[in-house]
Amino acid sequence: MANVECNNEKIHIIHPSKENDFVLSTNNFYSDEMKQYNNLSIDDWKSNERYQVAYSALQQNKNQFSLNLAKNILCGKHGFMCQYDRKKDADTVWSVIYDTRNKKIYRAEGNPSRRAFKEDCRFKF
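Here goes a summary of the coordinates provided. None of these values were measured; they are calculated from a predicted model.

**A closer look at the side chain of Asn 61**
Part 1: Tracing the backbone shows Asn 61 in the loop between α1 (47-60) and α2 (67-75).
Part 2: A relative accessible area of 16% places Asn 61 in the buried class.
Part 3: Separated by 2.7 Å, the side chain of Asn 61 and the backbone oxygen of Ala 57 make a polar contact.
Part 4: Once you skip the residues sitting within four places of it in the chain, Asn 61 turns out to touch Leu 69 and His 78.

Next comes the structure, spelled out in structure tokens:
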């Protein structure tokens, strides 16, 4: 399991640590090596807030990771994740959960607070 932060100049791989037995990402770079490449002039769809919500939920549920926890985080049950103001034509297009332990992928096509996650069988491990 790893999170790969990359652009056309650099690649940085984030692995789980003893303190954090998980990896996550939103629409920005979060490693010290890649933060300088964030484009602060574009709308990042509340990337930092979403990152903090997911990070906190994963920290609070150490050793209790599950598919349901991932779904609940992405559905917004632990704080802001995809509850954009639809009057501003903002919404989540898709969300994905990679269950590496069970070699499965789950995808919600649309906002996961309104669309169910379904197993995506197109990719074979």
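Moving on, there is more to tell.
**Quick word on unusual backbone geometry**
Part 1: A positive phi angle, close to 55°, is found at Trp 45, a residue other than glycine.
Part 2: Within the element layout of this structure, Trp 45 appears in the loop between β2 (11-14) and α1.
Part 3: For Trp 45, a relative accessible area of 34% gives the class partly exposed.
Part 4: Its identity is not glycine, yet Asp 89 carries a phi of approximately 55°, on the positive side.
Part 5: With respect to the helices, strands and loops of the structure, Asp 89 is situated in the loop between α2 and β3 (94-99).

**Side note on the sheet that holds β3**
Part 1: Ordered by their spatial adjacency, three strands build an open sheet running β3-β4-β5, and the pairing between neighbours is antiparallel. Strand pairing shows two members of the sheet lacking a second neighbour, β3 and β5 (118-119), which therefore form its edges.
Part 2: Two strands pair when backbone bridges link them, and β3 and strand β4 (residues 104-109) are joined in this way by six bridges, in the antiparallel orientation. Bridge pairing in β4 places Val 96 opposite Arg 107.

**Quick notes on the nonpolar core**
Part 1: Counting residues in each nonpolar core, the largest one holds 17 residues, and the members touching the most others are Leu 24, Leu 58, Ile 73, Met 81 and Phe 117.
Part 2: Contributions of two or more residues to this core are made by α1, α2 and β4.
Part 3: Per element, the largest residue contribution to this core is five residues, and it comes from α1.
Part 4: Ile 73 has contacts with Ala 54, Ala 57, Leu 58, His 78 and Met 81, leaving out every residue within four places of it along the chain.

**Remarks on α1**
Part 1: For α1, with 14 residues, the first-to-last C-alpha span of 20 Å sits near the 20 Å given by 1.5 Å per residue.
Part 2: Taken as a whole, α1 has its buried residues at Ser 47, Arg 50, Tyr 51, Val 53, Ala 54, Ala 57 and Leu 58. For α1, the arc enclosing every buried residue in end-on projection is 165°, short of the 170-degree limit, so these residues lie on one face.
Part 3: Residues of α1 that are buried make contact with α2.

**A look at the packing of aromatic side chains**
Part 1: A full pass over the atoms with the stated rule returns six aromatic pairs.
Part 2: With a centroid separation of 3.9 Å and 15° between ring planes, the pair formed by Tyr 30 and Tyr 51 is classed as stacked. Taken together, the residues span a long stretch of sequence, with Tyr 30 in the loop between β2 and α1 and Tyr 51 in helix α1 at a distance of 21 residues. For the pair Tyr 30 and Tyr 51, a shared accessibility class is recorded, and that class is buried.
Part 3: Between Tyr 51 and Tyr 55, the aromatic rings sit 6.2 Å apart at their centres with planes inclined by 15°, giving stacked as the arrangement. Here Tyr 51 pairs with Tyr 55, and both are found in helix α1, just four residues apart, close to one helical turn.
Part 4: For Tyr 51, a relative accessible area of 15% corresponds to the buried category.

What counts as what
- Residue numbering note: each chain is counted from 1, following its sequence as written.
- The predicted origin of the model limits local features to residues at a pLDDT of at least 70 and limits the giving and counting of side-chain atom pairs to 80 or more, whereas totals for whole chains, interfaces and linings rest on all residues.
- To obtain the side-chain values, all non-hydrogen atoms of the structure were used and water was disregarded.
- Only DSSP runs of H or I reaching four residues or more are called helices, and only runs of E reaching two or more are called strands; each is numbered from the N terminus.
- The cut-offs for exposure are 20% and 50% of the maximum accessible area for each residue type, with area from a 1.4 Å probe on protein chains only; residues under the lower value are buried, those over the upper are exposed, and the others partly exposed.
- Distance and chemistry together define a polar contact, namely a pair of N or O atoms within 3.5 Å, with one atom able to donate a hydrogen and the other to accept it when in protein, and with adjacent residues in sequence counting only for side-chain atoms on both sides.
- Contact criterion: two residues are considered in contact whenever any of their non-hydrogen atoms come within 4.5 Å of each other.
- We treat two strands as partners when DSSP finds at least two bridges between them.
- Put simply, buried Ala, Val, Leu, Ile, Met, Phe, Trp, Tyr and Cys residues joined by side-chain atoms within 4.5 Å make one nonpolar core.
- Here the expected span of a helix is defined as 1.5 Å times the quantity of residues minus one.
- This arc is taken over the directions from the axis of the helix to the C-beta atoms.
- Only rings of Phe, Tyr and Trp enter the pairing, Trp through its six-membered ring, and a pair is recorded when the two centres are within 6.5 Å. The plane angle decides the type: under 30 degrees is stacked, over 60 is edge-to-face, the rest tilted.

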